[in-house]
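Commentary on secondary and tertiary structure
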Amino acid sequence: MDLVSGYKGVVGLVFGNENSGSNEDTYVERLLDRISNGKLAEDRRTAMIELQAVVAESRGAQLAFGAMGFPIMMGVLKEERDDVEMVRGALETLVGALTPIEHAKGPKNEVQPALMNTDLLSREADSISLLLSLLSEEDFYVRYYTLQLLTALLTNSPNRLQEAILTIPRGITRLMDMLMDREVIRNEALLLLTYLTREAEEIQKIVVFEGAFEKIFSIIKEEGGSEGGVVVQDCLQLLNNLIRTNASNQILLRETMGFDPLISILKLRGNTYSFTQQKTINLLSALETINLLIMGGPEADPGKDANKLTNKTTLVQNKVLDHLLMLGVESQWAPVAVRCMALRCTSDLIAGHLKNRDILSAKVLGEEPQTEPALNSILRILLRTSSLQEFIAADYVFKSFCEKNADGQTMLASTLIPQPHSMTHAPLEEDVNMSFGSMLLRGLTLSENDGDLETCCRASSVLSHVLKDNVQCKERVIRIELEPPMPSLGAPEPLMHRMVKYMALASSMKNKDGKSSTSGNLYVQPIILKLLVTWLADCPNAVHCFLDSRPHLTYLLELVSNSSATVCIRGLAAVLLGECVIYNKSNDNGKDAFTVVDAISQKLGLTSYFLKFDEMQKSFLFTSAKSAQPSKALTRSTAASMADNEDIHENDSSDQKDEDHPILSEIFDAQFVNLVKNLEGDIRESIVEVYSHPKSKVAVVPAELDQRSGENDGEYIKRLKTFVEKQCSEIQDLLSRNALLAEDLAKTGGGSNSQPEQRVSGGLDRVQVEKLRRDLQEASQRLEMLKTEKTKIESEASMYRNLAGKMESDLKSLSDAYNSLEQANFHLENEVRALKSGGPSTSPDVEAIKAAAREEAQKDSEAELNDLLVCLGQEQSRVEKLSARLLELGEDVDKLLDGIGDDVGLPEEGEEEED
């Protein structure tokens, strides 16, 4: 067949000239000939064993076997089922031909014989059906090698094999029966089904219908749950394949088996302090199953939300929250990956579910007398952990708890009560007795003692969740005042002012070894900036508190223009400045919106300021921000690396190509990015508005307002009126020009850091450009009017041309009637002559009748002709006027009138000749 001949060509290409690999090729061919044509059974079995060995060891032999060996092997499987040894040998040889042989060195584009052989075998329509039929054989090794062969086919060519198995009656049923076979075969069948159910919804439904859930949990229980080996991992991977994109299977699992068998896997048995790599992988796989149930199904499924809500409710009713808190919070000896996954599942479980949030807030961990609320324990982990990955997972819990949960935010904010100086500086072990708010405030201020702002940064992230979209909480926290580090340093200061001070210190902090903490600064400052942006949003009192200290505005202006800061830091500082404009309700001189805008204009320039927004929007953090996406499926290859992964490192994100720390891509979620984008539009509009209107109270007393000596009241009033009118005119002109320039800057946002002289010259250029723009606009309007008039005249000319054509056609039809009358007259004359030649007649005088008819017809035609001539005269005068007007507009009149009347000229000449 053509495919085999193609493979022969490839074999020749690989082996090259006559000598290269020809011995191997010949040897395989000779062995196949002995198997196919041999007479002695023992000789054929020996040849099969030799072929099996050479194919398993040589890539060249694999390629040669693919060119000519498959028909012979399939013939053995089909026709020699009674010879168990030959069938075993054929299956082992096929498995060897489909198994890649790894070489240490070799070109990237080197031919892969195993892949080519897989493709060749899967194309055979009857091969899959034949292999499935072998699963019913009694011999253990026949079934075992058949499953291995199907797994190899599925690994290299999944789609084709999935389609083939669906078309074979009872194909999947035979595979499911293998799960009840001996352990080795069961494990191979489990692995095969795991590959088979990936992204194959129809197969998933059939597998579930065949009782997959019951068999999976039975095997897991038999293997020892999370303490079991890789078989438990394969079972959970198969379970995850069945429910990942299939909401109906989730519902079936919930309503038949329930979630208890799954939750029991999370129970820690035996030595709870011992976590092997396989146990870690098993727990991660079970947590992935919980996460898939919380997601509720694929995004496109219309019933996803309802299914998600029901799954969350059922899971919490089955006490899954206790096991998640045990793994994520209480089992601090568990691997980081397990703790983080458990915290993320907890977050997803309470997200958007009010009842689950209340249950979590009421949870108490530990044993008497050392008990504390679960949220306090999670906060302690967040503040103390050395793992950034665990910090992100714990922070996600508070984000999910506070999202659209005003009551929960108020409850947490109510505990934010400053502690005495002695409690604030007590040993870390004593924070067990602290409330949530006291622990959070301690985390915010603890950093000042050890010179490390890491804890303050983490606490800031939690505080931003507590304050988000909750004006009550924002105003409550504004009133919090902290004692100075030393009583002699002054009066207490607001918490917001302390946070701004820490943000300024972040850029100059040093590590314990004395080196500059540049990597820490990459996320400490942005996270504190995120807190301040969230705090000031839609809260005028927060803006007033921020501007109470004049150095704050100066520091922000310096931060925006600091070239050593990252794009993200400069952009967020610009957003914070903008919030001081749009949410500024103050009328105090030096704190109002006009003062902030004036400071931006003087220190930065509006062009440079708006450019910071554009740079930030183009940065990696803002272009890659997206909503929480489901994690990739755990497989044998990825699970081990995930279990060994202990933390996020700065160099982990090799494709990020950005100066920002990778942790920020987790902290700056899609909701915060959208908030910043919406604020940007409001900031541009507000700055234009402020620039367009003067300050509300401006006291200007020029000398012209004083009454001159000897000037009477009437003259004084008249002079004042003239002065005021002049001032009003100038002010309106300046305001309109100012608004125009500000709007232009807000729209373009382009430019670079320019000097004051360049900005002045740029202003003059814009005035000139504006004048030219107005002139161009007037010329465009004039041109539009002329175009409209031209179109009107052309339509009238077209109408008159149509009317003239109609009259000419009427004249032509009249001429045709006249010609027909002449012809009738001619026939009558011929008849009269014929009658006269025949003898005397008593008929009336034909000549007199003809003359009378001719005279009558001539009178009628002359009357109609006169009417037409009058009409044509009128049309001629109109055409002359229109021609003159068209000449003024530059149209070629001769070209427009060309061809009119040509079609009726010839008939008129013919009529004259006939007359």
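Below is a short write-up of the structure.

Side note on the pattern of salt bridges
By the definition in use, this model includes 32 salt bridges. A salt bridge links R380 to E372; the nearest nitrogen and oxygen atoms lie 2.4 Å apart. For the pair R380 and E372, a shared accessibility class is recorded, and that class is buried. Residues joined in a network through salt bridges with shared partners are E42, R45, D83 and E85.

As for the packing of aromatic side chains
Tallied over the full model, the rule gives 10 aromatic pairs. One aromatic cluster is present, formed by F140, Y141, Y144 and Y145 through successive ring pairs. Directly above the aromatic system of F275 lies the positively charged group of K279, at a separation of 4.5 Å from the ring centroid.

Topic: a negative patch on the surface
Taken together, the side chains of E856, D860, E864 and D867 present a region of like negative charge at the surface. Assignment of secondary structure puts D867 in helix 43 (residues 846–888).

Describing a nonpolar patch on the surface
Residues L865, L869 and L872 make up a contiguous nonpolar surface patch of roughly 260 Å² in combined accessible area. Here L872 shows up in helix 43.

Some details on the environment of I378
By the element assignment, I378 lies in helix 23 (residues 374–384). It is 8.7 Å that separates the C-alpha atoms of I378 and G328, two residues lying 50 residues apart in sequence. Look past the residues within four positions of I378 in its chain and what remains in contact with it is L325, V329, A394, V397 and F398.

Let's talk about the side chain of D669
Within the secondary structure, D669 is located in the loop between helix 39 (664–667) and helix 40 (670–692). A distance of 3.1 Å separates a polar side-chain atom of D669 from the backbone nitrogen of F672.

Considerations on the pairing of strand 1 (residues 364–367)
The pairing of strand 1 with strand 2 (residues 370–373) spans four bridges and is antiparallel. Across the sheet, residue E367 finds its bridge partner in strand 2, namely Q370.

Some remarks on unusual backbone geometry
If you check the backbone angles, K319 has positive phi at about 65° while not being a glycine. If you trace the backbone, K319 turns up in the loop between helix 19 (304–317) and helix 20 (320–330). Even without being a glycine, K404 presents a positive backbone phi close to 55°. In this structure, K404 sits in the loop between helix 24 (388–402) and helix 25 (406–413). Judged by relative accessible area, K404 falls into the exposed class, the value being 80%.

Definitions and limits used
- Residues numbered from 1 in each chain as written.
- Predicted model: local features only at pLDDT ≥ 70, side-chain atom pairs only at ≥ 80, totals over all residues.
- Heavy atoms only, no water.
- Salt bridge = Lys/Arg side-chain N within 4 Å of Asp/Glu carboxyl O.
- Buried < 20%, exposed > 50% of the residue type's maximum accessible area, 1.4 Å probe, protein only.
- Phe/Tyr/Trp six-rings, centres within 6.5 Å; stacked < 30°, edge-to-face > 60°.
- Lys NZ or Arg CZ within 6 Å of the ring centre and 35° of its normal.
- Patch = residues over 30% accessible without salt bridge, like charges linked within 9 Å, V, L, I, M, F, W, Y side chains within 5 Å.
- Areas by Shrake-Rupley, 256 points an atom, 1.4 Å probe, with all protein chains shown as cover.
- Lys, Arg positive; Asp, Glu negative; His and termini not counted.
- Charge placed at Lys NZ, Arg CZ, Asp CG, Glu CD.
- Helix = DSSP H or I, 4+ residues; strand = E, 2+ residues; numbered from the N terminus.
- Contact = heavy atoms within 4.5 Å.
- Polar contact = N/O pair within 3.5 Å; in protein donor to acceptor, adjacent residues only side chain to side chain.
- Pairing = 2+ DSSP bridges.

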